[in-house]
Every structure is written in C-alpha cells, then in structure tokens.
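Each chain, letter by letter, is given below.
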Amino acid sequence: MRCVVCVAAMVFVALLVSSGLAADPLPSWNEGSKKQAILEFVAKVTREDGPDFVPKPERIATFDNDGTLWCEQPVYFQELFAFDRIKALAPQHPDWKEKEPFKSIINDDRRVLADGGEKLLLDVVAVTHSGMTTVEFNDIVRAWLRTARHPRFDVPYTSCVYQPMLELLAYLRANDFKTFIVSGGGAEFMRNFADQTYGIPPEQVIGTTGVVEFEMRDGRPVLVRLPKLRFVDDGPGKPVGINTVIGRRPVIAFGNSDGDLEMLQYTTGGDGPRFGLLVHHTDGVREYAYDHPSLVGQLDKALAAAPKNGWTVVSMKSDWKVIFPFELEKPAGNK
C-alpha cells in the first residue's frame, strides 16, 4: 500500500533538505520557540567541533506512532482494522451474533469496548490477528489499507499522517539520524505501511508482538500467528523494546501520551545532550482536541512531567501551519 500524497510530500521535503535548497527544513511548522528548539538541538549535536557533538552511530531518534506520526482518533486505526476483521469473519461464526464483544462490534456499538478496556481489546486482536501465516496477515492488512477510509476525513488512513512530522523525519535523516518507530501498536501491522509512508524500514519498527511458530504447510516453511502476546511495547515496555532491538539509548524521543512517558524519561535521562518532545492535540477544527481524560491517547502524567524534564510540548493549533499532507493538495482545476 503506497500513499501517493504522503510519499510525494516526504520525497519533496527530503530532496529540499538534503540538497540544501530549503532555507527552512520544517516549512509546516510555525516560527517560534518549539521549532527553534528542534533546529538548535540538531545543529549542536551535529557540529563536529562543538562540545555537544554526537557521533553518527549514536544519533538515534524514536517516534511513537499513534497520535505522534498519524491520527489516532476516533479510535486507534489497528482497532478499526480488528473491527472490520470481526465483521468479515462473522459469517463463519454465527454464535457471534449473540456473543459479546462480537455482537456489539458487528452492530457498530462501541460502548461495550469502552467498558471492556484494554483486556477486551487485546482479546479481539488475538482473535482477528491469529490462525494465519505472517504472509497471509500482511496481505490482509495491505488490502484493508487500500480500501478503508477515515470516518471523518474520508481519506485512506495512510493519508492521516502529520505533514510536520514527515518533514521532521526527513530533516533528522538528512542529519544522519536513524529513525525508529516505538509504538504500542502491532509491529507487524505497522511494518506494512511504515516504509512507504514514513521512510522507516521494517527492521526499525518496534511494537507489540504476538507469538508466532514455525510450521511446514504443504511442504513450505511458514510462520503461523498464535492468539498469544509475546511483548507489549507500551509504557515501561518501550524502553525495554528499545534496549532489546536497538541496543542504544536514543538521543531524541517523540510522543504524545502517557504511554510515551517512560520512553521520554529513558531517552532524556541519559548522559550528554538529549531532547524530548510531546505532541499536544489542541486543534479540534483541523484534527481533534484532547488530552485527559481520554479513552485514546490520554496525556496527563507526561504533560505534567514535561516542564521539570525540559521536554518541548508542541501545540497542534499554535505550532503547526499544516496538519495533514492532503491539506497541501490543490483543488481540482487549479494550476
């Protein structure tokens, strides 16, 4: 699945940044202290003769996905994928018509999911994401991404990425940072779009993972997904996932919720220059306005911790000129 608008925007920004033609590598960011903090930090850690120089192998930047790189409202997109899978599988399970939470999902009643919390959601994900090979799962995810559309914006979910963050990814990579996704979402789910959408390859995606097991099917070796979780990459799990996969403490970390608190603490608690940033969803007109209480992406503890830790808090409403790449598209007929 290739998001043409996203890729075009990302490539354009990357070319400008890498060619040095762009006086402003972050054109979708409003001028101010938040943007300046990013530019100044990158400048000082890449200045070879400076006291804060960070060698290229140590330039690690980690990004949460949901709510940081792309929209997470009205619910997490992987959750919507799981709901659609329930509906697709329902004819094979007639008992689901009277069995919760399947009954509510089939009838588009999400109240039972709100009441059931994370455990119920994990149960739904276990049912909809298992019993198939990893290749079959990838094919299903890609097919869904090609056809599913956001209920409010009526665009593919991969078009609901944040243009300012695409610019930031390109800017960091142009300065020899290695960019990673560190998300509570499913690693295999995200690997189906991260490269095409963000320029982040599969091996640089860290997320929640399920158990898979090796089998021979019809004489061919496959990996089969089981209805069990191996690792939850959220909250305190994020630093563990970073250590397991990367083996280095990041220099920069970006998040938007309390689920990113420990990642920011771990990143900025290291020696030498460090940078932490929170995306605060404050624009109810162009996107959504929320922090706490919120069923999705609650930002409470991390927001309170930001001042004492020196983290930058970016307001979507005040600090971003543009939120989504599709805002850059010209109306039909315009040249």
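The rules we used
- Residues numbered from 1 in each chain as written.
- Predicted model: local features only at pLDDT ≥ 70, side-chain atom pairs only at ≥ 80, totals over all residues.
- Heavy atoms only, no water.
- Phe/Tyr/Trp six-rings, centres within 6.5 Å; stacked < 30°, edge-to-face > 60°.
- Helix = DSSP H or I, 4+ residues; strand = E, 2+ residues; numbered from the N terminus.
- Buried < 20%, exposed > 50% of the residue type's maximum accessible area, 1.4 Å probe, protein only.
- Lys NZ or Arg CZ within 6 Å of the ring centre and 35° of its normal.
- Axes fitted to C-alpha atoms, helices over the stretch in contact; angles between N-to-C directions.
- Parallel < 35°, antiparallel > 145°, perpendicular 65-115°, else oblique.
- Contact = heavy atoms within 4.5 Å.
- Nonpolar A, V, L, I, M, F, W, Y, C, P; charged D, E, K, R; others polar.
- 1 Å grid on protein atoms, 1.4 Å probe; cavity = no way out; pocket = protein on both sides within 12 Å on 5 of 7 lines; lining within 4 Å.
- Points joined across faces, edges and corners; volume = space filled by probe spheres on them.
- Pairing = 2+ DSSP bridges.

Asker: Is there a simple way to think about the packing of aromatic side chains in this case?
Answerer: In this description, a pair of aromatic rings is defined by centroid distance and the angle of the planes. Across all of its chains, the model carries 21 aromatic pairs by this definition. Residues phenylalanine 81 and phenylalanine 189 carry aromatic rings whose centres are separated by 5.5 Å and whose planes lie at 45 degrees to one another, so their mutual orientation is tilted. Of this pair, phenylalanine 81 sits in helix 3 (residues 77-89) while phenylalanine 189 sits in helix 8 (residues 187-190), placing them 108 residues apart in sequence. For the pair phenylalanine 81 and phenylalanine 189, one class covers both residues: buried. On the basis of an interplanar angle of 50 degrees and a centroid distance of 5.5 Å, the ring pair of tyrosine 162 and tryptophan 320 is categorised as tilted. Placement of the pair is tyrosine 162 in the loop between helix 6 (134-147) and helix 7 (163-174) and tryptophan 320 in the segment after helix 13 (316-319), with a sequence separation of 158 residues. The burial state of tyrosine 162 is the same as that of tryptophan 320; both residues are buried. An aromatic cluster is present here, built from Trp70, Phe77, Phe81, Phe137, Trp144, Tyr157, Phe189, Phe193 and Tyr198 joined pairwise through their rings. Above the face of the tyrosine 288 ring, arginine 152 is positioned so that its terminal group lies 4.9 Å from the ring centre.

Asker: What is the right way to read the packing of helix 10 (residues 237-245) against helix 11 (residues 261-268) from this model?
Answerer: In helix packing, the relevant descriptors are the interaxial angle and the interaxial distance, both defined with respect to the helix axes. Relative orientation of the contacting elements helix 10 and helix 11 amounts to 55 degrees, with a least axis distance of 7 Å. By the angle between their axes, helix 10 is oblique relative to helix 11. Contact residues: Lys238, Pro239, Ile242 and Asn243 in helix 10; Glu262, Met263 and Tyr266 in helix 11. Split by residue class, the contact of helix 10 with helix 11 holds 4 nonpolar, 1 polar and 2 charged.

Asker: Explain empty space enclosed by the protein here, please?
Answerer: Any empty space left between the atoms is revealed when a probe the size of a water molecule rolls over them. What the rule picks out here adds up to 1 cavity of 30 Å³ or more. The space that makes up the largest cavity amounts to roughly 30 Å³. Around the largest cavity, the lining residues are Ile38, Phe41, Val42, Leu168, Leu172, Ile252, Phe254 and Phe275. Breaking the lining of the largest cavity down by element, the ones donating at least two residues are helix 2 (33-45), helix 7 and strand 5 (252-255). Looking at the lining of the largest cavity, the element that brings in the most residues is helix 2, giving 3 residues.

Asker: Explain the sheet that holds strand 5 here, please?
Answerer: Think of a sheet as strands paired side by side through backbone hydrogen bonds, with each pair either parallel or antiparallel. Within the open sheet, the 7 strands sit side by side as 4-3-2-1-5-6-7. Their pairing is mixed. Among the strands making up the open sheet, the edge pair consists of strand 4 (220-231) and strand 7 (312-315). Each neighbouring strand pair of the sheet contributes to a mean axis angle of 30 degrees, computed without reference to strand direction. As defined by bridge partners, strand 6 (residues 275-280) adjoins strand 7 across 4 bridges and the pair is classed as parallel. Bridging from a neighbouring strand, valine 279 pairs with valine 314 of strand 7. Sheet contacts for helix 10: strand 1 (60-63), strand 2 (178-186), strand 3 (205-217) and strand 4; angle to strand 2, the most-contacted strand, approximately 130 degrees.

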